[in-house]
Structures are given as structure tokens and as C-alpha cells.
Amino acid sequence: MGFIRIFKTGFVCPFLYCYGCPFAAFGCPIGIIQNFVTYGQVPWFAIGSLGVYGTLLGRAFCGWACPFGALHDLLSYFRGDKSFKVRPFWYIKFIMLFIVLGAAWYAMDTVFCKYCPAGSLFGAIFFRLRYPQSLTFNLPFAIHMFTLGLTIVLALLISRFWCRYLCPMGAIAGAFNKVSIVNISLDEKKCKECFVCLETCGMGITKLEDIGSSTDCILCGRCIEACPLKALSFTIKK
Amino acid sequence: MAFLALMMLGVKEDYLIVQDLVRIVCTSCIGL
């Protein structure tokens, strides 16, 4: 939408994105927060927006709207069912978020954006496609291509690798999963503990009680589709 | 409601700052 200047709004989108994209209509939350850190200002609007998104839908945007998550889902078609089973380390993305904010504060620059694989794809590549005259191959672009390439390789080996372990936006949104209005609930009376739901989970959730509430759950609903007894369902808290 | 209040608190100034960030491409961020 942002190909027309009036559509370039000041809203903060609820997923990882790059407003370096020539068609960007919203701000990337991580980029915006980093910029405010460098200005020495508290990003009230971004915090409030992310709080509203999170309270309403938890991490559902990661599963339903994130374009970088969509790339991971696309890569999963090539991988098939051969994903490596790896332990969930939910806290790594919180460490990543801390490093991202710390680096912005220390360097007074949007350091993460220089390495962000989502920025590589939606910013660096799309910008060059839109403006071919800017087609240069320098070290910063090479770094972007390296991080994107590495993320794609890891996503081909491990389902939703970036979303599981490294996405700082996933850390923010995931923190709201326990309190979000829209969520997934398990009917314990119907459940026979066949664990088909956990086997189909792209985020590698390993416990039934973590479905819907873990910071890793992206509320994509694959578990709901897979459950043969219909024990899982989307719920709206009142 | 608290987050909505925070959002409204910052919307007046922050919205325009964010809009500027979206409109002006950070060239170093996309490796130019």
C-alpha cells in the first residue's frame, strides 16, 4: 500500500517487518523502538500499540499475518516432515530482545536493522528491485544477504527457526499469550493425550499445557485442525 | 485499557515521528 505517499502511515505494525521496503505502509515495531531508544525517548505509542495488539490477540499475528513467518511456512513445504526435533528454548528470544535494545542504546544506532534478515528480504532486496539504479554490492548488503541466507538454511532444517529462537518481536508478542483475549484452550475431558497436536506444532511446543499459553505458541491453529477429537478450540475470554 | 491509554498518550507526537521514519528510508539499514 505504501507505494503512494499518503498511505505511508505512522502506525506500528504488530509483526517483524521492514519499513525500508518501498511499499511499506507501517512502521516495524523493533525498528521504531530502536529509533526511540537512540532519541532518548520512551516510545509510548509503540508500547501502547503492541500492548493493545498483544492483549487482543497474543502472538496470533506471528501465525497469521507476519510476512517473514509466511516465508518460514513456505520453506516448510520444501522441508516436508523432516524438521529436526530440537528443544524449545523460549528464553533465547528475550535475550535477543535485550541485546537488540542494549545495542541500540550503546551504539546510538539501529544496530539490529543492519543484520535483520526480514530487513534483508523486504528492505534490502525490494528496494534494489524497485530502484535498480541503487543496485550496489557492498559489505552491508553482503551482511544482509548472509543473515538472510543463514536464516533460510536454518529454517529449512528446523521448523520456524527464526520465530522460535531469535525473533525479538516474537518475545514481545509472546509475553501476552497468557493474558490475550483470543487464545486456544484444551478440553481435558475430550483429550486422550494422543499428542497429535504437539507432533504437528511448527513451533516445537512439547507440553499440552503450553498450547495457547507458552511464549512460543503463535496461535496458528494447526493443532486445532490436527486434533482428531476436537479437544482444542479457539476461545475468546470475557 | 492501560495500553490503549498509553497509545493515546503517545499518538500526538509519536505518530508523526513514526510516519517520518516510514517515509524516509534509512539507507544504512538496508545496506546501501
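Cut-offs applied
- Note that residues are indexed from 1 along each chain, following the sequence as it is written.
- Here every chain gets a letter starting at A, and every ligand a number starting at 1, in the order they are written.
- Local features in this predicted model are restricted to residues of pLDDT 70 or higher, and side-chain atom pairs are both shown and tallied only at a pLDDT of 80 or more, whereas totals for entire chains, interfaces and linings draw on every residue.
- What counts as a contact here is a pair of residues whose C-beta atoms, placed from the backbone, lie within 7 Å.
- By the criteria applied, helices consist of DSSP H or I runs no shorter than four residues and strands consist of E runs no shorter than two, each listed in order from the N terminus.
- Polarity classes work like this: nonpolar for Ala, Val, Leu, Ile, Met, Phe, Trp, Tyr, Cys and Pro, charged for Asp, Glu, Lys and Arg, and polar for all others, with Gly in that last group.
- For helices, the axis comes from a line fit to the C-alpha atoms of the stretch in contact; other axes are also lines fit to C-alpha atoms, and the angle between any two N-to-C directions lies between 0 and 180 degrees.
- What sets the label is the angle itself: under 35 degrees gives roughly parallel, over 145 gives roughly antiparallel, 65 to 115 gives roughly perpendicular, and the rest give oblique.
- We call a crossing left-handed when the near helix sits turned anticlockwise from the far one by less than a right angle, and right-handed when that turn is clockwise.
- In this description, a nonpolar core means buried residues of the types Ala, Val, Leu, Ile, Met, Phe, Trp, Tyr and Cys, linked to one another by C-beta atoms lying within 7 Å.
- Residue burial is a threshold on neighbouring C-beta atoms within 10 Å of the residue's own C-beta, all placed from the backbone, with 20 or more meaning buried, 12 or fewer meaning exposed, and counts in between meaning partly exposed.
- Expected span of a helix, by definition, is 1.5 Å for each gap between consecutive residues, and there is one gap fewer than residues.
- Two axes define the bend at a residue: one fitted to the seven residues ending there, one fitted to the seven starting there, and the bend is the angle between them.
- As a per-residue measure, pLDDT reflects the predictor's confidence and takes values from 0 up to 100.

## Observations regarding the interface of chain A and chain B
Part 1 of the reasoning: Between chain A and chain B, the residue contacts involve 35 residues of the former and 22 residues of the latter.
Part 2 of the reasoning: Elements with a contribution of two residues or more to the side of chain A that touches chain B: α1 (29–39), α2 (44–57), α6 (117–130) and α7 (139–157) of chain A.
Part 3 of the reasoning: Here the side of chain A that touches chain B gets eight residues from one element, more than from any other, and that element is α2(A).
Part 4 of the reasoning: Across the side of chain A that touches chain B, the residue classes break down as 16 nonpolar, 16 polar and three charged.

## Some thoughts on the packing of α2(A) against helix α1 (residues 2–23) of chain B
Part 1 of the reasoning: At their nearest, the axes of α2(A) and α1(B) sit 6 Å apart, and the two run at 130° to each other. The angle between the axes of α2(A) and α1(B) places the two elements in the oblique class. α2(A) and α1(B) meet at a crossing whose hand is left-handed. For the pair α2(A) and α1(B), contact is made by W44(A), F45(A), I47(A), G48(A), S49(A), G51(A), V52(A) and T55(A) and by F3(B), L4(B), L6(B), M7(B), L9(B), G10(B), V11(B), D14(B), Y15(B) and V18(B), respectively.

## A word on the packing of α6(A) against α7(A)
Residues and elements named next belong to chain A.
Part 1 of the reasoning: Where α6 meets α7, the closest approach of the two axes is 7 Å, and the angle between their N-to-C directions is 115°. Read as a crossing pair, α6 and α7 show a hand that is left-handed. Residues P117, G119, S120, L121 and A124 of α6 form the contact with α7, whose own contacting residues are F141, H144, M145, T147, L148 and T151.
Part 2 of the reasoning: Taken together, the residues that form the contact of α6 with α7 break down as six nonpolar, five polar and no charged.

## A word on the nonpolar core
Part 1 of the reasoning: Ranked by size, the top nonpolar core spans 74 residues in total, and within it L16(A), Y17(A) and C18(A) carry the most contacts.
Part 2 of the reasoning: Setting aside chain neighbours within four positions, we find C18(A) in contact with A24(A), C28(A), C116(A), A118(A), G119(A), F122(A) and G123(A).

## Description of unusual backbone geometry
All names here are of chain A.
Part 1 of the reasoning: A positive phi is found at R160, a non-glycine position, where the angle reads about 50°.
Part 2 of the reasoning: Relative to the assigned elements, R160 resides in the loop between α7 and α8 (161–166).
Part 3 of the reasoning: Of note, L219 is a non-glycine position whose phi angle comes to about 50°, a positive value.
Part 4 of the reasoning: For L219, the location among the structural elements is in the loop between α10 (196–200) and α11 (222–226).
Part 5 of the reasoning: Taking the C-beta count within 10 Å as the criterion, L219 has 24 such neighbours and is therefore assigned buried.

## Section: α1(B)
All names here are of chain B.
Part 1 of the reasoning: With 22 residues, α1 extends 29 Å from end C-alpha to end C-alpha; this agrees with the ideal 32 Å at 1.5 Å per step.
Part 2 of the reasoning: Along α1, the helix axis deviates most sharply at V11, where the bend reaches about 70°.
Part 3 of the reasoning: Those residues of α1 lying buried are L6, M7, G10, D14, I17, V18, L21 and V22.

## Points about the environment of P117(A)
Residue and element names in this part refer to chain A.
Part 1 of the reasoning: Structurally, P117 is set in helix α6.
Part 2 of the reasoning: On the basis of neighbour counts, which here come to 26 C-beta atoms within 10 Å, the residue P117 falls in the buried class.
Part 3 of the reasoning: Those residues within four positions of P117 in sequence are excluded, and the remaining contacts are T147, L148, T151 and W162.

## Considerations on the confidence of the model for chain B
Part 1 of the reasoning: Taken over all residues, the pLDDT of chain B has a mean of 84, while the share at 70 or more is 100%.
Part 2 of the reasoning: Both scores are given for the predicted complex: the pTM is 0.90, the ipTM 0.91.

## Some points on the environment of C227(A)
Residues and elements named next belong to chain A.
Part 1 of the reasoning: Of note, C227 is situated in the loop between α11 and β2 (232–236).
Part 2 of the reasoning: When the C-alpha positions of C227 and C197 are compared, they lie 5.8 Å apart, and in sequence the two are 30 residues distant.
Part 3 of the reasoning: Sequence-distant contacts of C227, defined by excluding residues within four places in its chain, comprise V196, C197 and L232.

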